[in-house]
Amino acid sequence: MSTYPLDDIRVVELGQLLAGPFCGQLLGDFGAEVIKVEDPGRGDPMRQWGREKPYGKSLWWPVVARNKKSVTCDMRTPEGQDLVRRLVAESDVLLENFRPGTLERWGLSPEELHTINPRLVITRVTGFGQTGPYAPRAGYGSIGEAMGGLRHVTGDPDRPPSRTGISLGDSLAATHACVGTLVALHQRERSGRGQVVDSAIYEAVLAMMESLVPEWQQASYQRERTGPVLPNVSPSNVYPTLDGDEILIAANQDSVFQRLAAAMGRPELAEDPRYATHGARGESMDELDGIIAAWTGGLPADDLLSTLNDNGVPAGRIYTAKDMFADPHFAAREAIVRVPHPDFGELAMQNVVPKLSQTPGGVRSAGPALGQHNDEIYRGLLGLSDQEFAKLRSARVI
């Protein structure tokens, strides 16, 4: 039987949608037992999200809830809150992404939970964090992207700020929450005590904004939208091909640009003062892009990629999902896996990252049915009697 690096960790996941549950997905990918607590009536709204719904089922839910166990619990009731306390007593991590103050109103504050289980790591994902004047505000990933600086620099300069086609802010906050959880678990081995991990969406986005803050503080330089390129980073753009495909070439480092110039049959470009250094190429970006585009436009995409790869120049097509399924490198590294599913048969989804050489993660199951593990967790883990279980179910607490 496979051994997973986190298979000795139990996580109680109380959140919904994406910012918290994606953190739970990452922990579950490496073996943590993730017990997802859902509302008995409707479950996590992610069960209904997604554009395509074969058989009326979400294709998003099986991914974000993979490797998890689902139990139902009405946490607004005293009985439901007591169940959470009993779960916490048997667990290592509590993960939630409610608005600050929600757990406290339910009598589940960190102080109370640490009284029950001093070793508990409490991971909280919100729009603005647990403190500060904005903490009580509702905060979705899109707002965090806007206030964290990402939206202002995304898109074309002559249009309003754009967005990526995925929930990037939520995923970044969840990823940072996962890192914080693992750090807190490591520290627990030293101190014997858990702590609170406070991951704010806007701060997770801000953390990815490179030198945006010191550029303003030191040079009064405000980054703006620049479309498909980064200012003063050249060549790094999308270029046309003879057969209508588009190839992204990134050759902005001096040595790489020398290799690109050689591949183009124009090694003198790397000696030209206008293109010889990173700074010079940045100032001559438009002119240099025109020279490169004239060359790439005369070659079929396959020939162009072959030439670039042979010369050690980073380049690649802009993939769609269809391209990913057909790519031999994706197949060789099992970047996409197929997971058994009761409705879809074999369901394809992205694999676990990163890859570990000795104890890799894995996708053991797709997202569960609502309340699928009530019996296993409530009767097995918590030891509820038949009478207790039946009473909670008849009262619709579970």
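Residues numbered from 1 in each chain as written. Predicted model: local features only at pLDDT ≥ 70, side-chain atom pairs only at ≥ 80, totals over all residues. Heavy atoms only, no water.

Draft legend 1. Structural detail: the side chain of threonine 241. Here threonine 241 is to be found in the loop between strand S7 (236-240) and strand S8 (246-250). For threonine 241, a relative accessible area of 7% translates into the label buried. A distance of 2.8 Å separates polar atoms of two side chains, one belonging to threonine 241 and the other to aspartate 243. Setting aside residues up to four positions removed in sequence, threonine 241 forms contacts with Glu246, Ile247, Thr296, Gly297, Leu299, Pro300, Ala301 and Leu304. (Helix = DSSP H or I, 4+ residues; strand = E, 2+ residues; numbered from the N terminus. Buried < 20%, exposed > 50% of the residue type's maximum accessible area, 1.4 Å probe, protein only. Polar contact = N/O pair within 3.5 Å; in protein donor to acceptor, adjacent residues only side chain to side chain. Contact = heavy atoms within 4.5 Å.)

Draft legend 2. Geometry of the nonpolar core. One finds Ile9, Val11, Cys23, Leu27 and Ala32 to be the most contacted residues of the largest nonpolar core, which totals 36 residues. Looking at this core, the elements that each hand over two or more residues are helix H1 (21-29), helix H2 (61-64), strand S4 (93-96), strand S5 (121-126), helix H7 (168-191) and helix H8 (201-206). With seven residues, H7 is the single largest residue contributor to this core. Not counting residues within four places of it along the chain, the set of residues in contact with isoleucine 9 comprises Ala32, Glu33, Asp92, Val93, Leu185 and Arg188. Core analysis: the second largest hydrophobic core is formed by 27 residues, Leu14, Phe98, Trp106 and Val397 among them. (Core = buried A, V, L, I, M, F, W, Y, C linked by side-chain atoms within 4.5 Å.)

Draft legend 3. Fine view of the pattern of salt bridges. Counted under the stated rule, the structure contains 28 salt bridges. The shortest N-O distance in the salt bridge between lysine 57 and aspartate 343 comes to 4.0 Å. Of the two residues, lysine 57 sits in the loop between strand S2 (33-38) and H2 while aspartate 343 sits in the loop between strand S10 (336-341) and strand S11 (345-350), which places them 286 residues apart along the sequence. Since its relative accessible area comes to 38%, lysine 57 is described here as partly exposed. On the basis of relative accessibility, which here comes to 31%, the residue aspartate 343 falls in the partly exposed class. A salt bridge links glutamate 112 to arginine 85, with the nearest nitrogen and oxygen atoms 2.8 Å apart. Residue glutamate 112 is found in helix H5 (residues 110-116), and its partner arginine 85 is found in helix H3 (residues 78-89); the two are separated by 27 residues along the sequence. (Salt bridge = Lys/Arg side-chain N within 4 Å of Asp/Glu carboxyl O.)

Draft legend 4. Examining the layout of surface pockets more closely. One number sums up the size of the largest pocket: a volume of about 1400 Å³. Counting residues per element, the ones that place at least two in the lining of the largest pocket are H1, H2, H7, helix H14 (321-326) and S11. Top contributing element to the lining of the largest pocket by residue count: H7, with five residues. A per-class count over the lining of the largest pocket returns 26 nonpolar, nine polar and six charged. Looking at the second largest pocket, its volume works out to about 800 Å³. Lining the second largest pocket are 40 residues, with Gln16, Leu17, Asn97, Phe98 and Tyr140 positioned closest to its centre. For the lining of the second largest pocket, the secondary structure elements donating two or more residues are S2, helix H4 (102-105), S5 and helix H6 (141-147). (1 Å grid on protein atoms, 1.4 Å probe; cavity = no way out; pocket = protein on both sides within 12 Å on 5 of 7 lines; lining within 4 Å. Points joined across faces, edges and corners; volume = space filled by probe spheres on them. Nonpolar A, V, L, I, M, F, W, Y, C, P; charged D, E, K, R; others polar.)

Don't take any of this as a statement about function, it's just geometry.
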